[in-house]
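Fold and geometry: a report
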Amino acid sequence: MGFKPNDGVRLYDISQMPDPTFNKEQFVESVFNEEYILVVGNEVVMNKDEEPTGDVNKYILRVINDSMGQHYKDFNELALHSGQGFDPIRNLLNNKAFSFDIKDMSPELTALLSTRLFPIVLTTTFDSYIETLMRHIWGNHLRVVNIDDMNSLRDFRNAISGYRSGRSYNEPTLFYIFGKAVREEYKKYVHTDDDAIQIIEKWMQLPKEDPTLSLVRSKKILALGCKFDNWYFRFFWYILKREISRFGEGQVAFMLDVNNQIDNQLNKFLKHSRIYRHNDARSFMSDITKLFNSVGEDNPVNDIIIKKRRLGGVFLSYCSKDVMLASQLFFMLRKQGYNVWFDNSNLSGGDNYNIEIEKAIRESKVVVSLLTPNVAHDMENGNIEDKYYIREWRKASQIGDKRIIPLAIDGYDLRAHYHVSVYESIVSDALSGIDLMQKDGMARLLLSLDKELSNGEGYYE
């Protein structure tokens, strides 16, 4: 006879389980260590002034309904009533008159991606809004992958497999995991249940050791939007992770509907799996963006930097307005095994700042000067004498055995007059400049650092 509990006794009550807490320090460190990828759903793409729900799929459907004088409730119904060979979605998105304007996008998503802390983005959308934004941020450095485009998929696999030994692939990449509505009609993208079956079949055909799957499984997931009532997205979670316990290392932000039974089931399931959830993806994006952009003493990233910065390897010199870029570079270089000193007066506490900085420059093997449009603006306007980063350049150039690497980013022009007349007049013996936005920019930087630190010093143990 099976065990029978007494009336009113509940053997297992999930409502009594405490919610997992959001560890800001752990999250910030993981993000800056390039451990996360974003998975972005259609629910968080649009500016709500443009589309009240914020859902780009509903926006596209509304535009099509208005143009056709129809009232289709979803893409399945639209496909059912469309003529043979007529695809109104593909026609709309590939029409030159239809523009993908960044100002029409969610300001929360725009701000988050603009931090550059999430270079790898997987999207369940099939339009070009997110791609337009990422190209605005990363330029030609962006790699675009389509699960239904074997050429892009093959190039992506090769890039992952051929990445520098011992270093993780982290190039700016947008992956359309359910296809993109490109002009070619034979290319699939998911907008109906039948399409989903065909695309999922492609994912199932990938071998377990496929570099694409290996990369995603090696990362932590931050899911934004991607409501769980979308059954093919549920399958995607399964096919990529296989074990839901992997999500325990990451955060999940989605858009719950309290009246949706499946959403409530998801919430219980994630709670049982000890995964942090947030029921408003947009406010979560705003909160973490503020966290990343703050440089105040109450920001957990400050303590993390203090613990991780070390003398004797690389000294980062930067304009104070570029603290976010410098923070990203600091963590990236630390992850690659270099001792890095991150110069930030907010972190120095009671130390004598000038003495501390001079010591850090003297003990470093390489000084990397981060050159950005903010620096170019100071140079062009003659506003440099009171800039602390200029003093750091001068100090480094006065030390005979110090190698200085000019590192350009965000459109700083290494051939412009301001660079030749100002920078090179201060740092005349610097190595050739490296443009981090070029395809091989990061590889060239790491190669230069390895060469300068070839005696083994400057790496952390």
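Note that the coordinates shown come from a computational prediction; the quantities given were computed from them, not determined experimentally.

**Comments concerning the overall build of the protein chain**
Helix and strand counts for the protein chain come out as 19 helices and 12 strands. In the protein chain, buried positions account for 54% of the 461 residues. Just so you have it, the protein chain exposes about 21800 Å², and 47% of that area is on carbon and sulfur atoms.

**As for helix α5 (residues 107-114)**
Every buried residue of α5 is listed here: E108, L109, T110, L112 and L113. Turning to α5, the residues buried within the fold contact β1 (36-40), β2 (120-123), α6 (129-138), β5 (220-224) and α12 (281-293).

**Examining the packing of helix α16 (residues 373-380) against helix α18 (residues 417-426)**
To characterise two packed helices, one gives the angle between the axes of the helices and the distance between these axes. At a closest axis distance of 10 Å, the pairing of α16 and α18 adopts a crossing angle of 75°. Comparing their axes, α18 and α16 come out roughly perpendicular. Along the contact surface, α16 presents A376, M379 and E380, while α18 presents H417, Y418, V422 and Y423.

**A few points about the pattern of salt bridges**
Under the counting rule described, the total for this entry stands at 19 salt bridges. Notably, a salt bridge pairs K188 with D195, separated by 3.7 Å at the nearest N-O pair. Residue classification places K188 among the partly exposed positions, given a relative accessible area of 29%.

**Considerations on the packing of aromatic side chains**
Per the counting criterion, the structure on display carries 19 aromatic pairs. Plain terms: the ring middles of F100 and Y129 are 4.9 Å apart, the flat faces sit at 80° to each other, and that makes the pair edge-to-face. Within this pair, whereas F100 is found in the loop between α4 (88-93) and α5, its partner Y129 is found in helix α6, the two being separated by 29 residues in sequence. When its relative accessible area of 0% is taken as the criterion, Y129 is described as buried. A ring pair is formed by Y318 and F342, whose centres lie 5.4 Å apart and whose planes are at 20°; its orientation type is stacked. With Y318 in the loop between β8 (314-317) and α14 (323-335) and F342 in strand β9 (residues 340-342), the pair connects residues that are 24 residues apart, well separated along the chain. A relative accessible area of 0% means that F342 is categorised as buried. Here the aromatic cluster, defined as three or more aromatic residues joined through ring pairs, consists of F22, F27, F32, Y36, F118, F284, F292, Y318, F330, F331 and F342.

**Examining the sheet that holds strand β7 (residues 276-278)**
In spatial order, the strands read β3-β4-β2-β1-β5-β6-β7; together these seven strands make up an open sheet with parallel pairing. Only two strands of the sheet have a single neighbouring strand rather than two, namely β3 (143-146) and β7. The average undirected angle you get between the axes of adjacent strands in this sheet is 20°. Against the sheet, α12 touches β5, β6 (251-253) and β7, its axis set at about 110° to β7.

**Details of the side chain of K180**
As for its position among the elements, K180 is in the loop between β4 (173-176) and α8 (193-205). By relative accessible area, which is 16% here, K180 ends up buried. In this structure the side chain of K180 is engaged in a polar contact, spanning 2.9 Å, whose partner is the side chain of E131. Each residue touching K180, except ones within four places of it in the same chain, is listed here: F126, S128, E131, N146, K188 and Y189.

**Focus: the pairing of strand β10 (residues 366-371)**
Buried residues dominate β10, accounting for six of its six residues. Taking every second residue as pointing to the same face, both faces of β10 are buried, with V366, V368 and L370 on one and V367, S369 and L371 on the other.

**Description of the sheet that holds β9**
Here five strands make up an open sheet; going across it, the order is β9-β8-β10-β11-β12 and the pairing parallel. Both edges of this open sheet fall to β9 and β12 (434-435), since each of them pairs with a single strand only. Here strand β11 (residues 403-408) runs beside β12; their pairing, made up of two bridges, is parallel. Counted as the bridge partner of A408 is D435 from β12.

**A few points about the nonpolar core**
With 83 residues, the main nonpolar core has F292 and L333 as its most contacted residues. Element by element, the count of residues in this core is highest for α14, at nine residues. Counting residues in hydrophobic clusters, the runner-up holds 29 residues, among them V39, W203, L213 and V216.

**Some details on α14**
Taking 1.5 Å per residue, 13 residues should reach 18 Å; α14 reaches 18 Å between its end C-alpha atoms and fits that length. With 12 of its 13 residues buried, α14 lies for the most part within the structure. Those residues of α14 that sit buried are V323, M324, L325, A326, S327, Q328, L329, F330, F331, M332, L333 and R334. At the exit of α14 stands G337, carrying a positive phi of roughly 105°.

**Brief notes about the confidence of the model for the protein chain**
Note that predicted coordinates carrying low pLDDT should not be read in detail. Per-residue pLDDT for the protein chain averages 82, and the proportion of residues at 70 or more is 83%. Element-level pLDDT for the protein chain is lowest in helix α10 (residues 231-241), with a mean of 57, against a maximum mean of 96 in β4.

**What about the pairing of β8?**
Where burial is concerned, the two faces of β8 agree: the one with V314 and L316 and the one with F315 and S317 are both buried. For β8 and β9, the ladder comprises three bridges, and the chain directions are parallel. Bridge assignment links L316 to a residue of β9, and that residue is F342. Handedness of the β8-α14-β9 crossover: right-handed.

**A word on the side chain of S128**
Checked against the element boundaries, S128 lands in the loop between β2 and α6. On the basis of relative accessibility, which here comes to 16%, the residue S128 falls in the buried class. For S128, the residues in contact, after removing those within four places along its chain, are F100, Y176 and K180.

**Here's the deal with the environment of N279**
Note that N279 resides in the loop between β7 and α12. Spatially, the C-alpha atom of N279 lies 9.4 Å from that of G225, the residues being 54 residues apart in sequence.

Reading the values: rules and limits
- Residues numbered from 1 in each chain as written.
- Predicted model: local features only at pLDDT ≥ 70, side-chain atom pairs only at ≥ 80, totals over all residues.
- Heavy atoms only, no water.
- Helix = DSSP H or I, 4+ residues; strand = E, 2+ residues; numbered from the N terminus.
- Buried < 20%, exposed > 50% of the residue type's maximum accessible area, 1.4 Å probe, protein only.
- Areas by Shrake-Rupley, 256 points an atom, 1.4 Å probe, with all protein chains shown as cover.
- Contact = heavy atoms within 4.5 Å.
- Axes fitted to C-alpha atoms, helices over the stretch in contact; angles between N-to-C directions.
- Parallel < 35°, antiparallel > 145°, perpendicular 65-115°, else oblique.
- Salt bridge = Lys/Arg side-chain N within 4 Å of Asp/Glu carboxyl O.
- Phe/Tyr/Trp six-rings, centres within 6.5 Å; stacked < 30°, edge-to-face > 60°.
- Pairing = 2+ DSSP bridges.
- Polar contact = N/O pair within 3.5 Å; in protein donor to acceptor, adjacent residues only side chain to side chain.
- Core = buried A, V, L, I, M, F, W, Y, C linked by side-chain atoms within 4.5 Å.
- Expected span 1.5 Å × (residues − 1).
- pLDDT = per-residue confidence, 0-100.
- Right-handed = clockwise from strand over helix to strand, strands pointing away.

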